[in-house]
Amino acid sequence: MKNFNIGKVEDTNITLDTVLGLGKTVNDLLVNGGMQVITNSTSTSEADIKNADRLADKLLALSNAIISTTEQAQEQINNVVHNYYHTEQ
């Protein structure tokens, strides 16, 4: 029952750290000027401007979801590791 490979857990956590970093980078890019670049397109078409606004909003929502989900997964991994080491073997 205690066939647990901590190396694989650490590898998974490293991968999650990478995903979290990517999500935060996308979020930072959008919040710090990227949204303006997308929404201030050179087009004067109202439809194009609305589409750019929707795209920016969706990208921001996606980056926020990536961050939130990754943090939840890391918390779950930490709980598993904690429970593994703090239960009687």
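Residues numbered from 1 in each chain as written. Predicted model: local features only at pLDDT ≥ 70, side-chain atom pairs only at ≥ 80, totals over all residues. Heavy atoms only, no water.

Novice: Would you explain the side chain of Ser-63 in this entry?
Specialist: Tracing the backbone shows Ser-63 in helix H2 (residues 46-85). The exposure class assigned to Ser-63 is buried, which follows from its relative accessible area of 2%. Side-chain polar atoms of Ser-63 contact the side chain of Asn-27, separated by 3.3 Å. (Helix = DSSP H or I, 4+ residues; strand = E, 2+ residues; numbered from the N terminus. Buried < 20%, exposed > 50% of the residue type's maximum accessible area, 1.4 Å probe, protein only. Polar contact = N/O pair within 3.5 Å; in protein donor to acceptor, adjacent residues only side chain to side chain.)

Novice: Even after reading the chapter, I still don't get the environment of Ser-68, so can you show me in this structure?
Specialist: Within the secondary structure layout, Ser-68 lies in helix H2. For Ser-68, a relative accessible area of 33% puts it in the partly exposed group. In sequence terms Ser-68 and Gly-23 are 45 residues apart; their C-alpha atoms lie 9.3 Å from each other.

Novice: Explain the environment of Leu-20 here, please?
Specialist: Mapping Leu-20 onto the fold places it in helix H1 (residues 6-39). Put simply, Leu-20 and Glu-46 are 26 residues apart on the chain and 35 Å apart in space, counted from C-alpha to C-alpha. Residues in contact with Leu-20, not counting those within four places in the same chain, are Ile-67, Thr-70, Glu-71 and Gln-74. (Contact = heavy atoms within 4.5 Å.)

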